[in-house]
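Residue-level structural notes
So you can see what is in the structure, the chains are spelled out below.
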Amino acid sequence: MTFQVLLRQFSSFYYRTLMTTLSMIVMATYGMIAALIFPLIGCTHYIHFSVARGYYYLGLLFCGIQVVPEGIEHLNVQGPAILVCNHQSSLDIMLMGKVYPKNTTIIAKKELKYYPFLGWFMQLSRVIFLDRKNRENAIKEARKAAEDIHKKNVNVWVFPEGTRGHESEINLLPFKKGPFYMAVQAKVPIIPVVIANYSHLYSAKEKKYQPGVVRCKILPPISTETIQEESAGIEKLATDCRQQMLDVLKDITPIETVKKTQ
């Protein structure tokens, strides 16, 4: 009996992991085609949006994880914005598709451009790559990205933690300053997006992947109009934003996950 339970759990994990990977490959392949065709028909702003939405709905169909968003109205800002989201696992790329806005690109670490399918799509769709190992290059790229935000009138989605956090902890890693420097330089608002901790549904370490509901909350935009570009102002902006997001993360995470991580 114990063996049968373990087998069911492992089968569920590997099946859903396989379907998540296949869904990503399908949508990345579609994205490469869209990146070539959509600009020709004046629909560039739909490239990332259609890939993100498609990936989410394929994941919902095959894996059964549904995202329930709150605060969608905060995405309706005039002009471009920078969306900052917490990062727990590779599953975030699928889950964020539920709330991913049109006319939005992403910032990704430079290493991802060499990944098969996903990296090819990112290069064709003009994702902003940052070289986090080289601070000077990262600042230059962030400065250029700030210029492109207005030039192309595009939103930017970024994970400010820079890497995946600890899935077993309801916490956030320290935020990188790059996205906030970019927002201040471009004078565009920051929109925090918080995805609840979902370690009760998914854990690569525990080989667990179950269907269920994940809450997501979009917070009101944070203005950067009056913030100066000196490090102290940007440091405070990043710190305040992180604290807001951490408070919401603790608030929307299910009680069973809170107990599990304590």
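What counts and how
- Residues numbered from 1 in each chain as written.
- Predicted model: local features only at pLDDT ≥ 70, side-chain atom pairs only at ≥ 80, totals over all residues.
- Heavy atoms only, no water.
- Helix = DSSP H or I, 4+ residues; strand = E, 2+ residues; numbered from the N terminus.
- Buried < 20%, exposed > 50% of the residue type's maximum accessible area, 1.4 Å probe, protein only.
- Polar contact = N/O pair within 3.5 Å; in protein donor to acceptor, adjacent residues only side chain to side chain.
- Axes fitted to C-alpha atoms, helices over the stretch in contact; angles between N-to-C directions.
- Left-handed = near helix turned anticlockwise from the far one by under 90°.
- Contact = heavy atoms within 4.5 Å.
- Nonpolar A, V, L, I, M, F, W, Y, C, P; charged D, E, K, R; others polar.
- UniProt positions renumbered as here; feature names shortened; annotations may be inferred.
- Salt bridge = Lys/Arg side-chain N within 4 Å of Asp/Glu carboxyl O.

1. Structural notes on unusual backbone geometry
With phi around 55 degrees, Asn 103 is a residue other than glycine that occupies positive phi space. The topology assignment puts Asn 103 in the loop between α3 (92-95) and β3 (104-109). Look at Asn 103 and you get partly exposed, because its relative accessible area is 25%. At Lys 187, a residue that is not glycine, the phi angle is positive and equals roughly 55 degrees. Tracing the backbone shows Lys 187 in the loop between α6 (178-186) and β6 (190-195). When its relative accessible area of 30% is taken as the criterion, Lys 187 is described as partly exposed.

2. As for the environment of Gln 243
Mapped onto the secondary structure, Gln 243 falls in helix α7 (residues 231-252). We classify Gln 243 as partly exposed; its relative accessible area is 39%. For Gln 243 and Leu 172, which are 71 residues apart along the polypeptide, the C-alpha to C-alpha distance reads 9.0 Å. Only 2.9 Å separates the side chain of Gln 243 from the side chain of Asp 247, close enough to count as a polar contact.

3. What to know about the packing of α6 against α7
Interhelical geometry of α6 versus α7 gives an angle of 115 degrees and a closest axis separation of 9 Å. Viewed along their axes, α6 and α7 form a crossing whose handedness is right-handed. Contacts between α6 and α7 involve Phe 180, Tyr 181 and Val 184 on the former and, on the latter, Ile 234, Leu 237, Ala 238 and Cys 241. Partitioning the contact of α6 with α7 into residue classes produces seven nonpolar, no polar and no charged.

4. A word on the UniProt feature "transmembrane region" (unreviewed entry) in the chain
The UniProt record annotates "transmembrane region" (unreviewed entry) at residues 21-41. A helix fraction of 81% and a strand fraction of 0% characterise residues 21-41, whose end C-alpha atoms lie 30 Å from each other.

5. A short note on the side chain of Ser 23
The residue Ser 23 is located in helix α1 (residues 2-37) in this model. Under the relative-accessibility criterion, Ser 23 is labelled buried at 3%. Polar side-chain contacts of Ser 23 include one of 2.7 Å to the backbone oxygen of Met 19. Apart from residues no more than four positions distant in its own chain, Ser 23 is found in contact with Tyr 55, Leu 58 and Phe 62.

6. Section: the pattern of salt bridges
As enumerated under the stated definition, the model contains four salt bridges in all. One salt bridge in this structure joins Arg 215 and Glu 70, with 2.5 Å as the shortest N-O distance. Of this pair, Arg 215 sits in strand β9 (residues 212-218) while Glu 70 sits in strand β1 (residues 65-70), placing them 145 residues apart in sequence. The exposure class of Arg 215 is partly exposed, given its relative accessible area of 33%. Across the pair Lys 177 and Glu 235 runs a salt bridge, and its minimum N-O distance is 3.7 Å. Note that Lys 177 is positioned in the loop between β5 (155-158) and α6 and Glu 235 in helix α7, a separation of 58 residues in sequence. Lys 177 sits in the partly exposed class, given a relative accessible area of 33%. In this structure Glu 235 comes out as partly exposed when scored by relative accessible area, which is 39%.

7. Some words on the environment of Gly 59
Relative to the helices and strands, Gly 59 is located in helix α2 (residues 47-63). Residue classification places Gly 59 among the buried residues on the basis of a relative accessible area of 1%. Considering only alpha carbons, one finds Gly 59 and Thr 21, 38 residues apart in sequence, at a separation of 9.5 Å.

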